[in-house]
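Examining the three-dimensional arrangement
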Amino acid sequence: MMAVVQKDLAAEFRSRELLSAMLVFSLLVILIFNFALELDIKTRQSVTAGVLWTTFAFAGTLGLNRSMAVEKDRGCMDGLLLAPVDRAAIYFGKAISNLAFMLIVEAIVLPVYSMLYNVNLFQAGLLGVILLGSIGYTAVGTLLAAMSVQTRTRDVLLPILLFPVAIPVLLASVKASGGLLDGAEFSEILTPLNILIVYDVIFIAVAYMVFDFVVEE
Amino acid sequence: MQTKPIALTILDAASVIVLGIAAYLALVFAPTELVMGDVQRVFYFHVGTAWVGLLGFLIAALSGVVYLITKDMKWDRFEVAAVEVSTMFFFITIVLGSIWARPAWNTWWTWDPRLTTAAVTELIYVAYFMLRQGIEDPEKRARFGAVYTLLGGISAPITFMVIRLFRTIHPVVIGNQSAAAQGGFDMTADMRTAFFFALFAFTVIFIDLMWHRLRLGAFQEKVEQLKLKVSI
């Protein structure tokens, strides 16, 4: 498992094509939101969580698509499948490297956003929510990306498959982050937080169980 | 070529009859609701179609799991049939709900969590068809379809729970009497008759349509096989 992670990270740090694409893309999304929503101080308060999660979700699909397409195009997936390891190791390896990419992008987007819009996003709670949300998102996303690269429409299909299934995680993340940014009590954000944890656990378990069916030939 | 089974013909006739009776019960027999008036009559079919819609999605998720275990194409046909019929019923539910919401909430649509969930669920199953369309190998199509219905079948109830936790203006008619302000109401005995009959009627219609769709699926498969034979 760690070998898959290592391979992905090493390949990425050498070429940096995926990370840079995700980064530039997410900055552009934030820029577009700035024009589209006229992010003045008042609206900023209420929409920050939404803008952030939309950005992460879009950048996330970009990364998920790319990381699976690379395997497929160069026939690496077959190589991985031939390796004498449990299929679950491939899934978790892929999911962890995808999660790592998403977290790196988030780690850069957050300070940029804080700086541009003068909101302090560095709260321990918020970072925790972002971590939980990203885990759930990549857990499902990795599985669906493995499916969508094998179809005729490929990249186009992933967001269509992923977004409706990932709605609970996005909804709960936005609620929790919004609550934290508004300085709500911990008890208030406990519900979305619980949903996030439940979603993460369930979907990691399900993806782990069905990944075999997705990659078998 | 199999001929149409007699039981299916009988079921066809039964579906038409129960639909007629359900329509009579909903439109004439049930008393007019005091606050909302006649528009409330939409409710019987709204819940009826929603019930079979959700039932079908549940059946689809279960047959998906059975397919993954047994690898028998029969279950794949079952799954497609259930999703297809249910997607249609669920669409009707949403349309009927909108018709009711216009006078009751003064809007066709709100981004109320439950409405959003309904839309999301519908989109999941539209995505399901797009996924299937993109795959040529029938065996792979069946596998991916099964995996996706499973994911959808798990995700939809979670979204549904999320709504119960966050605020909603959708009335909870069954098992919650405090919803009057949102357009909820207490059902009288006659209303209940109409309501439960509508549930029953749509269940019959659902089984009928499922059966037709299953036969169609079997025929489709046969046609594909014959085509292969001809091309060889």
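Heads up: the structure comes first, above all this text.
One numbering rule holds for all chains: residues counted from 1, following each sequence as written. Labels follow written order: the first chain is A, the first ligand is 1, and so on. Given that this is a predicted model, residues contribute local features only at a pLDDT of at least 70 and side-chain atom pairs are listed and counted only at 80 or more, while totals for whole chains, interfaces and linings are drawn from all residues.

**Considering the interface of chain A and chain B**
Residue-level contacts link 22 residues of chain A with 22 residues of chain B. Elements with a contribution of two residues or more to the side of chain A that touches chain B: helix H6 (124-148), helix H7 (157-181) and helix H8 (190-215) of chain A. Secondary structure counts use DSSP, requiring at least four H or I residues in a row for a helix and at least two E residues in a row for a strand, with both numbered from the N terminus. Sort the elements by how many residues they give to the side of chain A that touches chain B and H7(A) lands first, with 9 residues. Of the residues that constitute the side of chain A that touches chain B, the class distribution is 18 nonpolar, 3 polar and 1 charged. Distance between backbone-placed C-beta atoms decides contact: two residues are in contact if it is within 7 Å. All amino acids are sorted into three groups, where Ala, Val, Leu, Ile, Met, Phe, Trp, Tyr, Cys and Pro are nonpolar, Asp, Glu, Lys and Arg are charged, and the leftover types, Gly among them, are polar.

**Comments concerning helix H6 (residues 189-231) of chain B**
In this analysis, the expected span of each helix is defined as 1.5 Å times one less than the number of residues it contains. Compared with the 63 Å implied by 1.5 Å per residue over 43 residues, the 63 Å span of H6(B) between its first and last C-alpha is a close match. Close packing links the buried residues of H6(B) with helix H1 (6-29), helix H2 (42-70) and helix H3 (73-105) of chain B.

**Side note on the packing of H6(A) against H8(A)**
Residues and elements named next belong to chain A. Here an axis means a line fitted to C-alpha atoms, over the contact stretch when the element is a helix, while the angle between two N-to-C directions is reported on a 0 to 180 degree scale. For the pair H6 and H8, the least separation of the axes is 9 Å and the interaxial angle reads 20°. Compared by their axis directions, H6 and H8 come out roughly parallel. Considering how the two elements wind past one another, H6 and H8 form a crossing that is left-handed. Residues Leu132, Gly133, Ile135, Gly136, Ala139, Val140, Thr142, Leu143, Ala146 and Met147 of H6 touch H8, and the partners they reach there are Leu196, Ile197, Tyr199, Asp200, Phe203, Ile204, Ala207, Phe211, Val214 and Val215. For the contact of H6 with H8, the class distribution of residues is 16 nonpolar, 3 polar and 1 charged. Roughly parallel covers angles under 35 degrees, roughly antiparallel covers those over 145, roughly perpendicular covers 65 to 115, and oblique covers all other angles. Each crossing is labelled by how the near helix is turned from the far one, with a counterclockwise turn of less than a right angle marking it left-handed and a clockwise turn marking it right-handed.

Function cannot be read off these values alone, since they describe shape.
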